Amino acid sequence: MRRKPKSAVTRAVDIIVIAVAIFLVGYIIHKVDTVMIYEWHWDFLWEYILRWDEEQQAYAPNLLLKGLTATFGLVIWSMLLASVIGIVMGIMRTSSRIFFRTVSRLYVEFIRNMPPVVFIFVFFFFLSSQFVPLLGIDQLSVDASPQTIAVLEILLGPPELFANVISGIICLALFEGAYITEIIRAGIQSIDKGQTEAGQSIGLSRFQTLRWIIFPQAVRKVLPPLAGQFITLIKDSSILALISIQELTFLAQEVAYSTQYVFEVWLFVAGVYFCICYSLAFLFTRLEKRTHRIYQS
Amino acid sequence: MEQMISLKNVFKYFGEFRALNDVSLEVAGGERVVVCGPSGSGKSTMIRCINRLEEHDDGEIWVNKNELTEDTRNIAQIRKDIGMVFQQFNLFPHLSVVDNLTLAHMKARGLYKADSTDLAMTYLNRVHIPEQAMKYPAQLSGGQQQRVAIARSLCMQPKIMLFDEPTSALDPEMIKEVLDVMIELAEEGMTMIVVTHEMGFAKKAADKVVFMDEGEVVESAPTEQFFSQPESDRTKLFLSQILTH
Ligand SMILES: Nc1ncnc2c1ncn2[C@@H]1O[C@H](COP(=O)(O)OP(=O)(O)OP(=O)(O)O)[C@@H](O)[C@H]1O
Ligand SMILES: [Mg+2]
């Protein structure tokens, strides 16, 4: 897609917006500097990222880095799970069977009409008191063989937090899955009906038509909104701090309390989230360009 | 010759609207039937009922001795016997021409890639565009796209071909190349039902012409007779309108 050249008006608006933003940032820094007489302490952050372990005689990750790794794990697994949920539910949304349509409709409406924090409180209670014991996830770190634990440790982080992390992943995935469902539904429905008919007329089944004709075309269309949703997922993952999932925001809070360097810690954390989200957006833009080159229409 | 397609008192409703009103039609094996009629008369609806892209509400449809019912196995069998060409081509834009042709073979019939590619090339030769095999649909002209669509249907080796206004979306200079392919197909003895306003094609290739209006078959006669001595006034009016263009 070639961009339209910007008009003089939009360019002027851009410049004004940027100017106002710079002014505001400058003003805040000025205020903090003069009125609050705040002394910045940035170097302490290092020891909360990597600490020197006397016993091992080596550097070990400290709270902030641990939090970051946990957030990464959380986010990646939630994305995968949310995508699976979204694809299944999205296909059900476009099914000809009213039962499937109703189930996925209820799921989407239930979640879309609830604040994320409330959903996560409600659902986490259910998960941790019913679902996790039911699946024996809380016993996992005790019962499983050392090899299994080693693998899981790579995938999920420290064993004592398995139950905690898995609950977090399920919560987040269920929540974001609803939005992905709607994205997938829109993608499927944006493909011309003639494509399905052509598929059926050459003898493909409903599923084969979906798999080989509709999906490959829909994927290209849903990439941009999907990227947006993944970024939202990353940001929403910080809500999990509220249910004591030991991810970046939660651990940052601890560091902020214990050191009292509130500004530094949160600015740093904000910067980290920004970097993750921004790189993801960048990645998706590249991906979109690539899929665009594959077939032109 | 035995009946290949047979519609008996078929009705089709869209809500309250009656799109097919007591339609009966017999097509023998190897017979070429042209269906014409004004816009909205139910031509598309009728042929789409034959391969179950629309579901008829009443009456019977038989294809190659199978009755079309809810039974999905029956539907699959009937679709295997029938190829369909659409007005808008409906090629798969994300696949190259040759992949458009091999897709169903590989996914639905489990053929190997090499075998289905050979088959695809045979049919691309039949529609005279083997050199376009590696291109994508968007890189072809309308006429070429429609010929690929014909080849894609033929590739499944159907006994019957349905055409729904195959030349209506084409620029005039491309109509002939598509009609030529269809005439060749007719000469090879394919059973065909063609919805079209190309009366030249009808005169050249059709055994029988059917005229529809308001969801009914108004007239059905051997080609010669249809043009020389139409019975119904509605047919005469339609013919006078269409033949003066
Ligand atoms: N999916 C549908 N829902 C509601 N009405 C429909 C639908 N498909 C067709 N119709 C109506 O049924 C009637 C017959 O349509 P059909 O497409 O069969 O006509 P046609 O003879 O093929 O016309 P044309 O020459 O314009 O293609 C039209 O009045 C049309 O509006
Ligand atoms: Mg039509």
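Reference entry: report on the structure contained in this document. (Residues numbered from 1 in each chain as written. Chains lettered and ligands numbered in written order. Predicted model: local features only at pLDDT ≥ 70, side-chain atom pairs only at ≥ 80, totals over all residues. Heavy atoms only, no water.)

## Remarks on the interface of chain A and chain B
So, point 1. Residue-level contacts link 20 residues of chain A with 21 residues of chain B.
So, point 2. For the pair chain A and chain B, the summed buried area comes to about 1900 Å², and 63% of that belongs to carbon and sulfur atoms.
So, point 3. Viewed at the interface, chain B and chain A are joined by one salt bridge.
So, point 4. The partner of Glu197 of chain A in a salt bridge is Arg48 of chain B, with the nearest N and O atoms 2.7 Å apart.
So, point 5. Our count for the contact surface shared by chain A and chain B stands at six residue pairs in polar contact (both at pLDDT 80 or more).
So, point 6. When residues of the side of chain A that touches chain B are traced back to their parent elements, those giving at least two are helix 9 (193-201) and helix 10 (206-236) of chain A.
So, point 7. The dominant element in the side of chain A that touches chain B, judged by the number of residues it contributes, is helix 9 of chain A, at seven residues.
So, point 8. Of the residues that constitute the side of chain A that touches chain B, the class distribution is eight nonpolar, 10 polar and two charged. (Contact = heavy atoms within 4.5 Å. Buried area = accessible area lost by both parts, 1.4 Å probe. Salt bridge = Lys/Arg side-chain N within 4 Å of Asp/Glu carboxyl O. Polar contact = N/O pair within 3.5 Å; in protein donor to acceptor, adjacent residues only side chain to side chain. Helix = DSSP H or I, 4+ residues; strand = E, 2+ residues; numbered from the N terminus. Nonpolar A, V, L, I, M, F, W, Y, C, P; charged D, E, K, R; others polar.)

## Describing the sheet that holds strand 6 (residues 82-85) of chain B
Residue and element names in this part refer to chain B.
So, point 1. The strand order 6-7-8-3-9-10 describes an open sheet built from six strands, whose pairing is mixed. Single-partner strands in this sheet number two, and they are strand 6 and strand 10 (216-222). Strand-to-strand twist of the sheet, defined as the mean angle between neighbouring strand axes without regard to direction, takes the value 15°.
So, point 2. One ladder, built from six bridges, connects strand 9 (residues 208-213) with strand 10; its direction is antiparallel. Within strand 10, the position partnered with Lys208 by the bridge is Pro222.
So, point 3. Contacting strand 6 and strand 7 (160-164), helix 5 (residues 142-154) crosses the sheet at an angle of about 170° to strand 6.
So, point 4. Contacting strand 3 (32-36), strand 7 and strand 8 (191-195), helix 6 (residues 172-187) runs over the sheet at an angle of about 150° to strand 8. (Pairing = 2+ DSSP bridges. Axes fitted to C-alpha atoms, helices over the stretch in contact; angles between N-to-C directions.)

Any functional reading would require information beyond the geometric quantities listed.
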